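# Descriptive analysis of the structure
If you want the building blocks of each chain, they are given just below.
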Amino acid sequence: MKLTRIETIRSPDFPNLLWVHLHTGDGLVGLGETFYIPAAVEAIIHDFAAPLLLGQSAFDRERHWQALFSYANFFGHAGAEMRAISALDIALWDLLGQHTGQPVLNLLGGQTRDSIRIYNTCVDTPRYADQTGFLEKPADLARSLLAQGITAMKVWPWDRFAPQMNVSAVTGPAGWSAVGPVGHDLLPEQLAKGLWTVQEIRRAVGDKMHIALEGHSRWDVNCALHIARALEPYDVMWMEDFLQPDSAPDLARLVRESRIPQTVSERLFTRHAYRRLLDADAAHVVMTDVIWTGGLSEALKIATLADTHHLSIAPHDCTGPVNLFACLHLCAAVPNAMIMETVRGFCEGYYREVATPDVPIRAGRALLDKFEPGLGVHLREEFLARTNLLRRVSSQS
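Now for a description of the structure that goes with this document. (Residues numbered from 1 in each chain as written. Predicted model: local features only at pLDDT ≥ 70, side-chain atom pairs only at ≥ 80, totals over all residues. Heavy atoms only, no water.)

If you tally the helices and strands in the protein chain, you get 16 helices and 16 strands. Taken against the 2.2 N^0.38 rule, which gives 21 Å for 397 residues, the C-alpha radius of gyration of the protein chain at 21 Å falls within 12% of a compact globule. With the principal axes as the frame, the protein chain shows a C-alpha extent of 65 × 45 × 40 Å. Within the protein chain, buried positions represent 59% of all 397 residues. Across the protein chain, contacts joining residues at least 24 apart in sequence account for 72% of those joining residues at least 6 apart. In the structure as shown, the protein chain presents an accessible area of about 15400 Å², 51% of it carried by carbon and sulfur atoms. Averaging the coordinates of the 36 positive side-chain charges in the protein chain and doing the same for the 45 negative ones gives two points 2 Å apart. (Helix = DSSP H or I, 4+ residues; strand = E, 2+ residues; numbered from the N terminus. Rg over C-alpha atoms; globule rule 2.2 N^0.38 Å. Buried < 20%, exposed > 50% of the residue type's maximum accessible area, 1.4 Å probe, protein only. Contact = heavy atoms within 4.5 Å. Areas by Shrake-Rupley, 256 points an atom, 1.4 Å probe, with all protein chains shown as cover. Lys, Arg positive; Asp, Glu negative; His and termini not counted. Charge placed at Lys NZ, Arg CZ, Asp CG, Glu CD.)

Moving on: the pattern of salt bridges. The full count for this structure, using the stated rule, is 23 salt bridges. Asp13 serves as the salt-bridge partner of Arg386, at 2.9 Å between the closest nitrogen and oxygen. On the criterion of sequence distance, the pair formed by Arg386 in the loop between helix H16 (381–384) and strand S16 (390–395) and Asp13 in the loop between strand S1 (3–11) and strand S2 (14–24) is long-range, its members being 373 residues apart. With a relative accessible area of 24%, Arg386 lands in the partly exposed category. Exposure remark for Asp13: the relative accessible area of 43% places this residue in the partly exposed category. Among the salt bridges present, the one from Glu348 reaches Arg127, with a minimum N-O distance of 3.9 Å. Linking Glu348 in the loop between helix H14 (344–347) and helix H15 (350–354) with Arg127 in the loop between strand S4 (115–121) and helix H5 (130–136), this pair joins segments that are 221 residues apart in sequence. With a relative accessible area of 21%, Glu348 lands in the partly exposed category. (Salt bridge = Lys/Arg side-chain N within 4 Å of Asp/Glu carboxyl O.)

Counting buried positions along S2 yields nine of 11 residues, so the element is predominantly enclosed. As paired elements, S1 and S2 share seven bridges and run antiparallel to each other. From the neighbouring strand, Ile6 faces S2, where its bridge partner is Leu22. Connecting S1 to the antiparallel partner S2 that follows it, the hairpin turn spans two residues. Looking at chain direction, S2 and strand S3 (residues 29–35) are connected through seven bridges and run antiparallel. Note that in S3 the partner of Leu17 across the bridge is Phe35. In this antiparallel pair of consecutive strands, S2 and S3, the connection spans four residues, and Gly27 shows a positive phi of 90°. (Pairing = 2+ DSSP bridges.)

Here we come to the packing of aromatic side chains. The description of an aromatic ring pair rests on the distance of the ring centres and on the angle between the ring planes. As enumerated under the stated definition, the model contains 15 aromatic pairs in all. Ring geometry for Phe14 versus Trp19: centroids 6.5 Å apart, planes at 85°, classification edge-to-face. Each ring, one from Phe14 and one from Tyr350, has its centre 4.9 Å from the other, and the planes form 25°; the classification is stacked. Of this pair, Phe14 sits in strand S2 while Tyr350 sits in helix H15, and the two are 336 residues apart along the sequence. When sorted by exposure, Phe14 lands in the same class as Tyr350, which is buried. Among the aromatic residues, those joined into a ring-pair cluster are Phe14, Trp19, Phe346, Tyr350, Tyr351 and Phe383. Directly above the aromatic system of Trp292 lies the positively charged group of Arg83, at a separation of 4.9 Å from the ring centroid. Taking NZ or CZ as reference, Arg344 lies 3.9 Å from the ring centre of Tyr128, over its face. (Phe/Tyr/Trp six-rings, centres within 6.5 Å; stacked < 30°, edge-to-face > 60°. Lys NZ or Arg CZ within 6 Å of the ring centre and 35° of its normal.)

In this section: the packing of helix H1 (residues 38–53) against helix H2 (residues 61–73). At their nearest, the axes of H1 and H2 sit 11 Å apart, and the two run at 140° to each other. Between H1 and H2, the angle falls in the class oblique. The way H1 lies across H2 gives a crossing that is right-handed. Taking contact as the criterion, the partners of Phe48, Ala49, Leu52 and Leu53 in H1 are, on H2, His64, Leu68, Tyr71 and Ala72. Taken together, the residues that form the contact of H1 with H2 break down as seven nonpolar, one polar and no charged. (Axes fitted to C-alpha atoms, helices over the stretch in contact; angles between N-to-C directions. Parallel < 35°, antiparallel > 145°, perpendicular 65-115°, else oblique. Left-handed = near helix turned anticlockwise from the far one by under 90°. Nonpolar A, V, L, I, M, F, W, Y, C, P; charged D, E, K, R; others polar.)

The next subject is the packing of H2 against helix H12 (residues 295–308). Following both chains from N to C, one finds H2 and H12 inclined at 90°, their axes separated by 10 Å at the closest point. In terms of orientation, H2 and H12 fall into the roughly perpendicular class. Counting all contacts with H2, which are made through Arg61, Glu62, Trp65 and Gln66, the residues of H12 involved are Ser297, Glu298 and Lys301. Each residue belonging to the contact of H2 with H12 can be placed in one class, and the counts come to one nonpolar, two polar and four charged.

Next up on the list: the nonpolar core. Trp19, Trp158, Leu231 and Leu296 are the most contacted members of the largest nonpolar core, which totals 132 residues. Counting nine residues, the second largest nonpolar core, distinct from the first, contains Tyr119, Ala152, Met237 and Trp238. (Core = buried A, V, L, I, M, F, W, Y, C linked by side-chain atoms within 4.5 Å.)

In this structure, Val123 sits in the loop between S4 and H5. Classification of Val123 as buried rests on a relative accessible area of 13%. Counting along the chain gives 223 residues from Val123 to Phe346, while the straight-line C-alpha distance between them is 9.4 Å. Discounting chain neighbours no more than four positions away, the residues touching Val123 are Tyr128, Asp130, Gln131, Trp156, Cys318, Val343 and Phe346.

On to H1, then. Over its 16 residues, H1 extends only 20 Å from the first C-alpha to the last, a length that falls short of the 22 Å expected when each residue adds 1.5 Å. Where H1 bends most, the angle comes to about 35°, and this point is Ile45. Buried within H1 are the following residues: Pro38, Val41, Glu42, Ile44, Ile45, His46, Phe48, Ala49, Ala50 and Leu53. Tucked inside the fold, the buried residues of H1 contact S1, S2, S3, H2, helix H3 (80–100) and S16. In the stretch just after H1, Gly55 is the one whose phi turns positive, near 85°. (Expected span 1.5 Å × (residues − 1). Bend = angle between axes of the 7 residues up to and from the residue.)

Structure, rendered in structure tokens:
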């Protein structure tokens, strides 16, 4: 199973996504994906990774990971290099599953569960105005999710009060962005406005809904603690990334000085960053992003590392369909998966436009027992036939 061709695919319709097809001499095609600055990742895959992979055995996944990481790490590994390694690693797992006729979860360790609970990250999509909903009508939003069997939701009602910057990645309905500098001053009335979202959900549906709070790393320790202490009466599921995740001792203060579970962080790359976090007792829940942190190979090691600290993992997906399928295989195979992130507007919207089959979600749970060999997900033929796709190919000379 020699690697003969590497193809990357970008679409102007989805400007943050990059897909990778790894072709083998026996006709198999493995699918990978990553998210953010895809043109930079594309260049790394072809200019940096392709010479190390082409002509090599697709079975030697661990050797390829170590070679790519060691080479990238010589110059500083994190960023686009890790996104490239992640996409390639996922495609290699897909190839191995197809070759053996097994779903990837069986290669990761086998089935530990048949389904896993999902939560809805409340972003605005053409189908659902969920972010507008949690700011304006959180009670109605919670009832809408419960009607679909979804029993956990993630919201970020304090981002709008953090310092703003002029970026194109605007995620707020009023023009404010999740991306931006750290805030050092949160007014009492701002704290109260953010807390109102949580209060309204609790008044409407009581304890039927788990509430997760996203911080997008927008606050300093004092502001984060102020928010955490205000949240304590409401039994929230977690606070996530209220601090930048680069200082484990500071994150540990949130764990020690409040009673709110702390979740950290899809922004950390490789098991080495998570080791520092866990050694400092700086998290209650470990969140990994499979298409950033190093692919399924590294995510499996991070899950094992978390398990040795008696902690759960909660994989991140607010990105793409291949990532979600990869995460579902991970959740099926590792014993300490807690819950899986989804966006209902993506799963019912553009994920269906780009990939097949549909994400297997029923009544608030992702089903994990009926995957085809490999990842069990493919880019749709009609999507691949679009004339506006940007493709680049490297092949064996």
